[in-house]
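Letter by letter, the chains look like this.
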Amino acid sequence: MDYRITLLGEKDHGKSTLLGNLLIKTGSIKRSRINSILPSSIGGKRFEPGYLLDSFKEERDRGMTIDQTSAEIIYKNNLLHMTDVPGHLELLKNMLTGASNASLGIFVVSAKMGEGFTNQSKRHLYLSNLMGIGAMLVAVNKMDMADFKEKAFIDIKKSITDYCSAAGIKSRLVFVPISAYNMENVIERAKNMQWYDGKPLMHTLLEMLEHINPGIVEQNGMRILIQDKIDDAFFGQVLYGKIKNGSDIILHPGGKKVRLFNLKKFNKVIGSSKAPSNIYFKLNPDANASRGDILYGIGEHPSAEIVFNAKIFPIKNISAYELSKSKVSFNGNYSNVAMRITGIFDITKAAKVPKRKNAAITPNYAINMAVKLAKKCPTEHFNAYPILGRFGMYSKSGILLGVGIVE
Amino acid sequence: MAAENNLKTLEEKSIFILREANAKFKHIAALWSMGKDSTTMLALARKAFMGKIPFQVIYIDNGIDFPESYEFMEEMVKKWGLDLIIAKSNIKSELSGFSCCGANKTVALKKLMKEKRFDAIIASIRRDEHSIRAKERYFSPRDTSFKWDYKNQPAELWGNYATKIYDGSHFRVHPLLDWSESDVWRYIKKEKIPINPLYLAKDGYRYRSLGCTHCTVPIKSSASSIEGIIKELKITKTEERSGRSQDKEKAYVMEKLRSLGYM
């Protein structure tokens, strides 16, 4: 089986070390690559498995990971696509990219005194939940630095669980104590933590992957997104549900009833296609359908097309005033639509839950706001159809300001 | 090594990216080296666009590719009706590695870009080929001097690929980013994609990776069929590009090449 997993967490908490060591110990990496990071080839410094992934020279010298790196781990007949993302505040933008392509997350948090569940860690957890990662394996790392004490593990577990309740994060969390550097409780059972009666990290991970419960209940409707028009036909994606050749469907925006015919999969004529799938088709009447339009099943319609409530998670500092004055682009359905914020009615701090008006909005906050689009754009509640219910919020000059979901 | 990528999933994603590139950019072209990756990319494009590739195909010719490659090129142009542009470059010296590739292919491509004003170039790089490539995106901007600002990459959100065009610059499109070496060969076998005969063993040697005659070194092999190559890959311990002498220099040389515009 093939799985996509994101490694999240603060810098120095050990994500790269975990991934590097997994690559080596599962035999997923070739000899020549391992040799290139042995102490003799890196100026005699201590061997750091994380170096395997730090493919930029600068990164290595500074001891941090920039941007997204993926690696494949082969474990018990499964192919795990692991994406390591950085944990620095200033690299949050790149982290969003890493989180957005995964289905399960491994959240690495350090049990070492002075590290622990920090604000940056909270932000990662909150954002990844927003991005659609419903289940998280929380790897409580550096247990060796906490003398393998059960209390250190329990304390972190409590902080994280309490935070999730307060912040409304419904992701399924499974906690595993490890030491990534020593590979303690990663592949083999913990030797130094007899008090732990769960399974090692990789075993737990596979179990979770087999029972992925994203925490998002998807509906049974059909949604086809039009990607492009070529001559008199269309390229599109079946995002949800199933389409049969010759079916009547509704085109939004507009609500016009049309018939889909000449359904093809690449160059082959087909009778039907199920999500997820890239298709080719024609419409009768053509109804001037274009990129960004969505085809719905009969009797179905968008949750909202112009006005809706959204929750925004900024990725950089902005003042509430700036935010309410900026025109931003709604990019959720391959369409860029200007968006105006018509009201900010709640600012929720990702760390606690009190409301604060007129505050400078930093990436620690989530904002509940009312939004109006410049033109009709079919959207859905994020909890029902996540692909059509989430968007990037951009400034006029195209800088990503934050991500949002349609509530 | 039993687990393998799902070819159908990879194919869907690559086709989506190719269709997206065609939808978002006005004037695109694809780089073709006659190698297995770029030929696979063309096969995917044929599938994506219902049998006919809607963009031009660029071959950068420094005059010293293998004769088998030139023959293969002519065959494929005929077979797939390729709209081929040959950009000629000159080898300045007998040097190999960094100086040669830097002077050659990049210069020829820049000249062509200036002339034809392509706003996006499809390149068939894969993340697993080299650790530097692991940082690439499906849509990756290049500025006017072909520099790649790897520290400041645009965010890719849920498939909403960044494609804001800046004046005079272009984008690189990478539809094969998620494919492994083994995936490419399995797909070639499944789809019966024609390949450059140099990949198959002759007299106990074959080429695992193809560059020009000055920089490519063959490996010992008895794999004379695609099935044989796939089997051989499963047990091999060396990396794909170990026969390419430019890679034997420091790791960050690749980074330098990339940020200067070399694919």
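It should be noted that the structure appears before, not after, this text.
First, a word on what this report is: a plain description of the structure on this page. None of these values were measured; they are calculated from a predicted model.

Observations regarding the overall build of chain A
Now for step 1: Counting its secondary structure elements, chain A contains eight helices and 23 strands.
Now for step 2: A burial count over chain A gives 46% of its 407 residues as buried.
Now for step 3: If you take every contact in chain A between residues at least 6 apart in sequence, the share linking residues at least 24 apart comes to 69%.

Points about the pairing of strand 6 (residues 170-173) of chain B
The side chains of a regular strand alternate between the sheet's two faces.
Residues and elements named next belong to chain B.
Now for step 1: Here strand 6 shows a buried face lined by H170 and R172 and a second buried face lined by F171 and V173.
Now for step 2: With three bridges joining them, strand 4 (residues 120-122) and strand 6 adopt parallel strand pairing. Residue pairing for strand 6: I122 is matched across the bridge by V173.
Now for step 3: Sheet topology note: the strand 5 (residues 139-142)/strand 6 ladder contains four bridges and is antiparallel. Looking at strand 6, one finds that R142 is bridged to H170.

A closer look at the sheet that holds strand 5 of chain B
Hydrogen bonds between backbone atoms are what pair the strands of a sheet, whose relative direction is either parallel or antiparallel.
Residue and element names in this part refer to chain B.
Now for step 1: Taken together, six strands build an open sheet; the order of strands is 3-2-1-4-6-5 and the sheet is mixed. Two strands in the sheet have a free side with no partner beyond their single neighbour: strand 3 (84-88) and strand 5. Neighbour-to-neighbour, the strand axes of this sheet turn through a mean angle of 30 degrees, independent of strand direction.

A few points about the pairing of strand 4 (residues 104-110) of chain A
Residues and elements named next belong to chain A.
Now for step 1: Within strand 4, seven of the seven residues are buried, leaving the element largely enclosed by the surrounding structure.
Now for step 2: Along strand 4, one buried face is formed by L104, I106, V108 and S110 and the opposite face, lined by G105, F107 and V109, is buried too.
Now for step 3: One ladder, built from four bridges, connects strand 1 (residues 2-8) with strand 4; its direction is parallel. Bridge assignment links L7 to a residue of strand 4, and that residue is I106.
Now for step 4: Note that strand 4 and strand 5 (residues 135-141) share seven bridges and pair parallel. Bridge assignment links G105 to a residue of strand 5, and that residue is M136.

A look at the environment of A:K191
Residues and elements named next belong to chain A.
Now for step 1: Of note, K191 is situated in the loop between strand 6 (172-177) and helix 7 (201-210).
Now for step 2: Looking at K191, the number of C-beta atoms within 10 Å reads 10, which means it is exposed.
Now for step 3: Taking the C-alpha atoms as reference, K191 lies 20 Å from I24; in sequence the two are 167 residues apart.

Describing the environment of B:S224
Residue and element names in this part refer to chain B.
Now for step 1: The topology assignment puts S224 in the loop between strand 8 (219-220) and helix 7 (226-235).
Now for step 2: By C-beta crowding, S224 is classed as partly exposed, having 14 other C-beta atoms within 10 Å.
Now for step 3: Taking the C-alpha atoms as reference, S224 lies 9.0 Å from G204; in sequence the two are 20 residues apart.
Now for step 4: Sequence-distant contacts of S224, that is, excluding residues within four places in its chain, are made with L200 and A201.

Describing the packing of helix 2 (residues 36-48) of chain B against helix 6 (residues 181-191) of chain B
Residue and element names in this part refer to chain B.
Now for step 1: Direction vectors running N to C along helix 2 and helix 6 enclose 50 degrees, while the axes themselves pass 10 Å from each other. In this view, helix 2 runs oblique relative to helix 6, as classed from their interaxial angle. Judged by the twist between their axes, the crossing of helix 2 over helix 6 is left-handed. Residue-level inspection shows K36, D37, T40 and A43 of helix 2 in contact with helix 6, the latter providing V184, Y187, I188 and E191.
Now for step 2: Considered class by class, the residues forming the contact of helix 2 with helix 6 number four nonpolar, one polar and three charged.

Reading the values: the criteria
- Residues numbered from 1 in each chain as written.
- Chains lettered and ligands numbered in written order.
- Predicted model: local features only at pLDDT ≥ 70, side-chain atom pairs only at ≥ 80, totals over all residues.
- Helix = DSSP H or I, 4+ residues; strand = E, 2+ residues; numbered from the N terminus.
- Buried ≥ 20, exposed ≤ 12 C-beta atoms within 10 Å, placed from the backbone.
- Contact = placed C-beta atoms within 7 Å.
- Pairing = 2+ DSSP bridges.
- Axes fitted to C-alpha atoms, helices over the stretch in contact; angles between N-to-C directions.
- Parallel < 35°, antiparallel > 145°, perpendicular 65-115°, else oblique.
- Left-handed = near helix turned anticlockwise from the far one by under 90°.
- Nonpolar A, V, L, I, M, F, W, Y, C, P; charged D, E, K, R; others polar.

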